[in-house]
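Summary of the model geometry
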Amino acid sequence: MLNKLYGGTGNVVFNEGKGGLCSVNIVNQFASSEISLYGAQILSFKPGNGKDLLWMSEKSVFVEGKAIRGGIPVCFPWFGPNDSDTTLPAHGFARIMNWDVESVSDLPDNSTRLILKCESNRFTRKFWPFEFTARIIIIVGKTLDITVQFTNSDIDEFKVTDAFHTYFLVSDISNVTIEGLENHSYYSGFDKDTLLKQTDTLLSITKEENRRYIDHAANCVIYDNGFNRKITVAKRGSKTTVVWNPWIESSKKFADMTPDGYKTMVCVEAVNAYNDFVLLQPGESYTMSTVLSVDSM
Ligand code: TA6
C-alpha cells in the first residue's frame, strides 16, 4: 500500500504496532515520529532523533475500543463528556476508530506530510447521527505541525467541540513552568459556573490541575529545567487552551497510568470548546492546527 502512495526520499514505513494496531513510522533529516492509524494518534515525535516531545503511559493499552493514554489523542466531535449523553465515549469517537491513509508526501523543505482521513460510517452513526469527513494533516519536520480539518457533508448543521489532547514528556513536573496564560480566565475541571483568573506569569503545577482557559489563542511555552528545553505550543483556529495534570489521587482512577506517571507528563491542549465551539452548515469546513517546536534553554 505504502509504495503506491509514497515515492519520496524520506523513510516512511508501515508497521504492525503494539496490540497489532497499524502505525506509520516516519524518519527524515529533522525528526522521527510514530503515528497510529488507530485514532490518527501521534505516539512519538523525536526532533533530531533526540528525546521525545510526547509522553506515553507505561500502562497504556493498545486495544480497539479503548483510547491510547499518551501522545496526541484527537478529541472529535466532542471534547470531554458528551453534553447530552454521558454514556457516550468521553472526548468523542475519533480516538477509538481506525483512520485511512489518504497520502504521504515530501514537502519542498524535506519535511514529510501524512494525511489521514475518516468519514462517517456505521460505527460513527452509533454515537453521532451526522455525515462528515475529517482529516488529520501531520507534517513531520523541524517542528510537528498538525491540523484537524472537518467538513459537514450532512444536510443539517452540526456543532463540534474538539482538541489535540497533547501529552508532553517532562523530566519531572517540579521542574516545569508554563508561560503564556497570565491574565487569562479559566474554568477549573467541570465547573462551568466559576471563572477564575490566572495572575501568575508562569504556571507551576504543584497539585491536580484541570484548567480550561477561554478566549486564549496565544502560544504557550513549557520550560523544563531538568531536560533543559523549552517547548512552544502554537496554534491556529483554537481559542480554548487546557492544561491538565491529574496529580496523585486522580491518577489512581486511571487503570492505564502508573502511580507516578503524573510526574513526567503535562497536557497542554489546543481546544475548541465552551463559547469557542464550531457550528458548521452543510458543506462547510473548519480547521484547527497546532505547531510544536523545541529549543534548548
Ligand atoms: O483534558 C483534560 C481532560 O478532559 C480531563 O478532564 C481528564 O479526565 C482527561 O482529559 C483525560 O480524559 P480521558 O478520557 O482520556 O481519560
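Everything in this summary refers to the structure shown in the same document. This one's a predicted model, so the numbers in the text were calculated from it and none came from an experiment. (Residues numbered from 1 in each chain as written. Predicted model: local features only at pLDDT ≥ 70, side-chain atom pairs only at ≥ 80, totals over all residues. Heavy atoms only, no water.)

Some remarks on the overall build of the protein
Assigned secondary structure in the protein consists of 3 helices and 23 strands. Since a compact globule built from 297 residues should have a radius of gyration of about 19 Å, the 18 Å found for the protein is in line with a globular shape. Counting only C-alpha atoms, the protein reaches 50 × 45 × 35 Å along its principal axes. Sorting the 297 residues of the protein into buried and exposed places 55% on the buried side. Across the protein, contacts joining residues at least 24 apart in sequence account for 62% of those joining residues at least 6 apart. Only carbon and sulfur atoms are counted for the fraction: they give 48% of the accessible area of the protein, which is about 13,000 Å². When the 29 basic and 35 acidic side-chain charges of the protein are each reduced to a single mean position, those positions are 3 Å apart. (Helix = DSSP H or I, 4+ residues; strand = E, 2+ residues; numbered from the N terminus. Rg over C-alpha atoms; globule rule 2.2 N^0.38 Å. Buried < 20%, exposed > 50% of the residue type's maximum accessible area, 1.4 Å probe, protein only. Contact = heavy atoms within 4.5 Å. Areas by Shrake-Rupley, 256 points an atom, 1.4 Å probe, with all protein chains shown as cover. Lys, Arg positive; Asp, Glu negative; His and termini not counted. Charge placed at Lys NZ, Arg CZ, Asp CG, Glu CD.)

Some remarks on the pattern of salt bridges
Evaluation of the coordinates by the stated rule reveals 9 salt bridges. Between R135 and E102 there is a salt bridge, with its nearest N and O atoms 2.9 Å apart. Taken together, the residues R135 in strand β8 (residues 132-140) and E102 in strand β6 (residues 100-106) connect sequence positions 33 residues apart. Residues R211 and E209 are paired through a salt bridge, measuring 3.0 Å at the closest nitrogen-oxygen approach. E209 matches R211 in its accessibility class, with the two residues each being buried. Members of the salt-bridge network, linked through shared partners, are E102, K117, E119 and R135. (Salt bridge = Lys/Arg side-chain N within 4 Å of Asp/Glu carboxyl O.)

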